Amino acid sequence: MDEKKYQQYLSLLQRELIPAMGCTEPIALAYCGAAAQQAAGNPPPETLVEAAVLVSGNIIKNVKSVIVPNTGGLRGIETAVAAGLVSGRQDKLLEVLAELPPERLPALHRLLERKVIRMAPADTESVLYIEIRLTYPRCTTRAILEGSHTGLVLLERDGVVLHRADPVEQQIQHCPALTVGDIFDFAQSADPADLEPVVGRQIDHNMAIAQAGMDQAWGANVGKVLRRVGGESCRCLARAYAAAGSDARMSGCEMPVVIVSGSGNQGITASVPVAVYAKALGKSREDLLRAVALSDLVTIHQKTGIGCLSAFCGAVCAGCGAGAGVAYLETRDYKTVTHTIVNALAVISGMVCDGAKPSCAAKIAAAVDAGLLGYEMYCQGQQFLDGDGIVCKGVDNTIGNVGRMAKTGMRETDRVILEIMCGNR
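Residues numbered from 1 in each chain as written. Predicted model: local features only at pLDDT ≥ 70, side-chain atom pairs only at ≥ 80, totals over all residues. Heavy atoms only, no water.

As a further point, take the overall build of the protein. Summing up its helical and strand segments, the protein has 16 helices and eight strands in all. The C-alpha radius of gyration of the protein comes to 21 Å, within 12% of the 22 Å expected for a compact globule of 425 residues. Each of the three principal axes of the protein carries a C-alpha extent, and together these read 70 × 45 × 45 Å. When each of the 425 residues of the protein is scored for burial, the buried share is 58%. Intrachain contacts of the protein at a sequence separation of at least 6 include 76% that bridge at least 24 residues. Carbon and sulfur atoms make up 51% of the accessible area of the protein, which totals about 16,000 Å². (Helix = DSSP H or I, 4+ residues; strand = E, 2+ residues; numbered from the N terminus. Rg over C-alpha atoms; globule rule 2.2 N^0.38 Å. Buried < 20%, exposed > 50% of the residue type's maximum accessible area, 1.4 Å probe, protein only. Contact = heavy atoms within 4.5 Å. Areas by Shrake-Rupley, 256 points an atom, 1.4 Å probe, with all protein chains shown as cover.)

Written out as C-alpha cells, the structure is:
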C-alpha cells in the first residue's frame, strides 16, 4: 500500500476510534446541552426558565430506552439534556457524561422535577439533528448539532452567532474510497506501533466493559445466558462477551467504550469477538491489532453507504466485520475474508434497528453468529453466489447493495418503527 493511502486509512481509524461513555445519542444530547450552557456562561441550572429541545426521529428512537450514565438509573431525552446542563463540559466531547460527580445528582433531579425541559420532534430530513434553546433570566442561547454526534453547526447567544459550521454527514462520509482489497492490504502492512494507540485502546476498553458485563448483572444479561447455555467454546464466548459489553453499556455502566462509526455497540462488536478468538488461538498482540483494524475498516466501509443512523441495525455491519477479522486472524487469506463478508451479509442483512436498548445485546450476538457462520461456510467450501438475493459479483458491490437497501429502501421502515415506538409510550 502506498504511503498516502496508508496515512488516509490510519487517519480514518484515529478519527473513528474514540472513547465515549454511554449510548452515543444521549451523549449527543448532553453535549449539545453543555454547548448551550457554556454559551450562557454556565449559570446555575436552577435558574433555567426553559429548555426547548427539537430532535430528529432517530434521536427519539435511540434515547427512549437506554439508561443515561451517572444519573442514578434514569432514562430519556430530558434526562440526557439535563445531564449536559449540569455537567456543562462541552470540552469533554463524547465523555461529557463522565463529568457528573455524585454531588451534582440532586441538581439534576431538581431540574427534572421542575419540568422546564420540553422536547418536540424536529421538522427535518436529517437523521441526526438536535436543537436546544435555553432561556435564562439574563440571556438566551441556542445550539444546533447535525450530521454527527459532536457536529455542532450553530451556537448563538442572544441572537449573536458565536460559532457556525456547514452541516455535514457523519465523518465516515468523508473517508477515502474504501475497498476490501485496500483494507486487507492495510491490515497486512500496518505498523503495530501505529495501531496500538488507537486499535489497542479499543481492544482494552471494550474487553474491560465486556468483562464487567460478565461479572455483574446488567440489562437482560444476554452474555451470561449465552455462556450458561452454550458453554466455553470459542464461538460461544465470542458472541457472549460481545453481548455482555452491550448489556453493560445499554444499562448505564460507567465505563468508556471505544466507538466505531459513531456507535459503541459497533465498536464492541467489531473488536471483542476477534479478541476472544485471538486469546483462544494463542495469537500475538500484533496479530490481534491487525485483525481488529481489518474488522473496524470493514465495518466503516459498510456504514459509509448507509449513513450514521437508519432502520438498518449497525450491529450487522460490525458482526460481519468481526467475522472478517476472525477469518484474517486464522488464515491471512484475502479470498477467505471476502467470502466471509458476502456470506454474512447474505444471511443477516435484513435486521432492523428499533432503537438502543438492552435487546441490542441479543442482536449483537446474532450478528456475530452470522459473521462466524459466513467464515465457517467458506471453510467448508460453501458460499452464496451472484444472484442470491442482494449478493452480486464482487464483495464491494455486495456491500454497495446493502448500503442502498439500508439508506434508501428502509427509509419508510424507519418511519414506521418510530411510530410504533412512540405509540407504545
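Now that the structure has been shown, the text picks up again.
Below, the discussion takes up the packing of helix α7 (residues 192-215) against helix α9 (residues 234-250). Remark: α7 packs on α9, axes separated minimally by 7 Å, with the N-to-C direction vectors making an angle of 85°. Classified by the interaxial angle, the pair formed by α7 and α9 is roughly perpendicular. Listed contacts from α9 to I209, A210, Q211, G213 and M214 of α7 are A240, Y241, A244, G245, A248 and R249. (Axes fitted to C-alpha atoms, helices over the stretch in contact; angles between N-to-C directions. Parallel < 35°, antiparallel > 145°, perpendicular 65-115°, else oblique.)

Below, the discussion takes up the pattern of salt bridges. Considering all chains together, one arrives at 19 salt bridges under this definition. Across the pair D414 and K61 runs a salt bridge, and its minimum N-O distance is 2.6 Å. Within this pair, whereas D414 is found in helix α16 (residues 411-423), its partner K61 is found in helix α3 (residues 57-63), the two being separated by 353 residues in sequence. K61 shares its class with D414; the two are buried. With a closest N to O distance of 2.3 Å, E419 and R415 form a salt bridge. Taken as a pair, E419 and R415 lie in helix α16 at a separation of four residues, close to a single helical turn. Under the relative-accessibility criterion, E419 is labelled partly exposed at 48%. When salt bridges with common partners are traced through the structure, they connect R235, R239, D369 and E376 into a single cluster. (Salt bridge = Lys/Arg side-chain N within 4 Å of Asp/Glu carboxyl O.)

Ordered in space as β3-β2-β4-β5-β6-β7, the six strands form an open sheet in which the pairing is mixed. In this open sheet, the two strands that pair with only one neighbour each are β3 (117-121) and β7 (160-164). Put simply, the sheet's adjacent strands are angled 15° from each other on average, direction ignored. Both strand β2 (residues 50-55) and strand β4 (residues 129-135) contribute to a ladder of six bridges, which runs antiparallel. Bridge pairing in β4 links L54 to E131. Helix-sheet contacts for helix α2 (residues 24-39) involve β2, β4, β5 (140-146), β6 (152-157) and β7, and the interaxial angle to β4 is about 35°. Contacting β2, β3 and β4, helix α4 (residues 77-87) crosses the sheet at an angle of about 125° to β3. (Pairing = 2+ DSSP bridges.)

Running from N to C, α9 and helix α10 (residues 264-281) cross one another at 145°; their axes reach a closest spacing of 8 Å. Viewed along their axes, α9 and α10 form a crossing whose handedness is right-handed. Residues C234, R235, L237, A238, Y241, A242, G245, S246, R249 and M250 of α9 lie in contact with α10, whose contacting residues are G264, N265, I268, V272, P273, V276, Y277 and A280. (Left-handed = near helix turned anticlockwise from the far one by under 90°.)

In this structure the tally under the stated criterion is four aromatic pairs. When the ring of Y9 is compared with that of F186, the centres are 5.9 Å apart and the planes differ by 35°; the resulting orientation is tilted. With Y9 in helix α1 (residues 3-16) and F186 in helix α6 (residues 180-189), the pair connects residues that are 177 residues apart, well separated along the chain. Each member of the pair, Y9 together with F186, is buried. When the centroid spacing of 5.6 Å and the interplanar angle of 80° are considered together, the rings of F184 and Y328 count as edge-to-face. In this pair, F184 is assigned in helix α6 and Y328 in helix α12 (residues 314-331), connecting sequence segments 144 residues apart. (Phe/Tyr/Trp six-rings, centres within 6.5 Å; stacked < 30°, edge-to-face > 60°.)

This part is about the side chain of R142. Within the secondary structure, R142 sits in strand β5. In terms of polar contacts, R142 uses its side chain to reach the side chain of E131, at 3.1 Å. Filtering out sequence-adjacent residues up to four positions away, R142 remains in contact with E131, I132, R133, L154, L155 and E156. (Polar contact = N/O pair within 3.5 Å; in protein donor to acceptor, adjacent residues only side chain to side chain.)

What follows concerns unusual backbone geometry. Of note, N42 is a non-glycine position whose phi angle comes to about 55°, a positive value. As for its placement among the helices and strands, N42 is situated in the loop between α2 and β2. Residue classification places N42 among the partly exposed positions, given a relative accessible area of 41%. Of note in this structure, D158 is not a glycine but carries a positive phi near 50°. Relative to the assigned elements, D158 resides in the loop between β6 and β7. We classify D158 as partly exposed; its relative accessible area is 47%.

This part covers the state of the cysteines. Taken as a whole, this structure holds zero disulfides when the rule is applied. Among the cysteines around C320, which has no disulfide bond, C317 carries the closest sulfur, lying 7.6 Å off. Note on C320: relative accessible area 1%, which makes it buried. (Disulfide = S-S within 2.5 Å.)

A few words on the confidence of the model for the protein. Put simply, the protein has an average pLDDT of 91, and 97% of its residues get 70 or more. Below pLDDT 50 for its whole length, residues 169-174 participates in 20 contacts with residues either more than four positions away or in separate chains. (pLDDT = per-residue confidence, 0-100.)

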